[in-house]
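Report on the structure
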Amino acid sequence: MPGHTDNEILINAPLDLVWDVTNDLEGWPHLFSEYASVEVIDREGPKTTFRLTMHPDENGTVWSWVSERETDRQGLTVRARRVEPGPFEFMNIRWEYTEHPGGTLMRWIQDFAMKPTAPVDDHGMTNHINRNSRIQMELIKEKVELRAGVR
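Attention here is on the structure that accompanies the text. Predicted model only: the values in this text are computed from it and were never measured. (Residues numbered from 1 in each chain as written. Predicted model: local features only at pLDDT ≥ 70, side-chain atom pairs only at ≥ 80, totals over all residues. Heavy atoms only, no water.)

For the rest of this paragraph, the subject is the pattern of salt bridges. Where charged atoms from two side chains of opposite charge come close, those side chains can pair. Using the criterion set out here, one finds nine salt bridges in the structure. Two residues, Arg-107 and Asp-6, come together in a salt bridge whose shortest N-O distance is 2.5 Å. Taken together, the residues Arg-107 in strand E7 (residues 103–114) and Asp-6 in strand E1 (residues 3–11) connect sequence positions 101 residues apart. According to the relative accessible area criterion, Arg-107 is partly exposed, its value standing at 26%. Taken together, the shared-partner salt bridges connect Asp-6, Arg-94, Glu-96 and Arg-107 into one network. (Salt bridge = Lys/Arg side-chain N within 4 Å of Asp/Glu carboxyl O. Helix = DSSP H or I, 4+ residues; strand = E, 2+ residues; numbered from the N terminus. Buried < 20%, exposed > 50% of the residue type's maximum accessible area, 1.4 Å probe, protein only.)

Quick look at the structure:
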C-alpha cells in the first residue's frame, strides 16, 4: 500500500513572508537542516527543475535527486514530484498555505511508494517522513518567526 503523510504547522508570520522564504529554493540549505545544496537546473515560469543534495546520513551516504516543483501563488499551493525517484517508485508532494488569525498554516502532503529494492518499505518511510517533517517544520517556523520579528 502506498505511503501518505499529512503534516501542518502554524507559523506566526504573514503569509507573504512564509511563502517567500519557503519557496526560495536557493535558500533551502539555510532553511532546512537536511539539505546541503540546491542546484537549479531549469526555471520556466512557475516551474523549476532542481537537484537537491542532502548532508551525509548516519552511514555516510549522501542522497541526491532531481525534482520538479510548480508554484501557484494565487492558489497558495505548490506541487512537486521527483524526476529521479531513487528508492521511490514515485514521490508526489503538495504544499498548501492558509492565512489564519495566528499567522500562516503551512501544510505538507506527500504520497509515495517505495521500490521493492529500497532500504525501507512504505510503512517505514511514512514513519520517517512524519518524524522528519515535524522537525523541519519546527525549524522553519523558528527561522521565519525570527525574520518576522516575532521571536
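In terms of residue burial, strand E3 (residues 47–54) counts as a mostly covered element, since six of its eight residues are buried. In the sheet, strand E2 (residues 35–44) pairs with E3 via eight bridges, with the strands oriented antiparallel. Paired with Arg-43 across the strands is Thr-48, a residue of E3. Between the antiparallel neighbours E2 and E3 lie two residues, among them Gly-45 with a positive phi of about 60°. As paired strands, E3 and strand E4 (residues 64–72) are joined by seven bridges and run antiparallel to one another. Within E4, the position partnered with Lys-47 by the bridge is Glu-70. (Pairing = 2+ DSSP bridges.)

The subject of this paragraph is helix H1 (residues 15–22). Of all the eight residues making up H1, six are buried; the element is thus mostly covered by neighbouring parts of the structure. When H1 is considered as a whole, its buried residues turn out to be Leu-15, Leu-17, Val-18, Trp-19, Val-21 and Thr-22.

Assignment of secondary structure puts Thr-61 in the loop between E3 and E4. Here Thr-61 is in contact with His-55 and Pro-56, once residues within four sequence places are set aside. (Contact = heavy atoms within 4.5 Å.)

Turning our eyes to something else, we now look at the nonpolar core. Core analysis: the largest hydrophobic core is formed by 26 residues, its most contacted members being Ile-11, Trp-28, Phe-32, Tyr-97, Met-106, Ile-140 and Val-144. Breaking this core down by element, the ones donating at least two residues are E1, H1, helix H2 (28–31), E2, E3, strand E6 (88–100), E7 and helix H3 (122–147). In terms of residues, this core owes the most to one element, H1, which gives five residues. Not counting residues within four places of it along the chain, the set of residues in contact with Ile-140 comprises Ile-11, Thr-22, Leu-31, Phe-32, Met-106 and Trp-108. Counting seven residues, the second-largest nonpolar core is a separate cluster that includes Phe-88, Met-91, Met-114 and Ala-118. (Core = buried A, V, L, I, M, F, W, Y, C linked by side-chain atoms within 4.5 Å.)

Let us look at unusual backbone geometry. The backbone of Leu-76 sits at a positive phi, close to 55°, despite the residue not being glycine. Relative to the helices and strands, Leu-76 resides in the loop between E4 and strand E5 (77–82).

Bringing the layout of surface pockets into the picture now. A volume near 1000 Å³ is recorded for the largest pocket. In terms of lining, the largest pocket is formed by 37 residues, of which the most central are Glu-34, Met-54, Trp-65, Arg-82 and His-128. Going through the elements one at a time, E3, E4, E5, E6, E7 and H3 are the ones with two or more residues in the lining of the largest pocket. When residues of the lining of the largest pocket are assigned to their parent elements, the largest contribution, seven residues, is made by H3. (1 Å grid on protein atoms, 1.4 Å probe; cavity = no way out; pocket = protein on both sides within 12 Å on 5 of 7 lines; lining within 4 Å. Points joined across faces, edges and corners; volume = space filled by probe spheres on them.)

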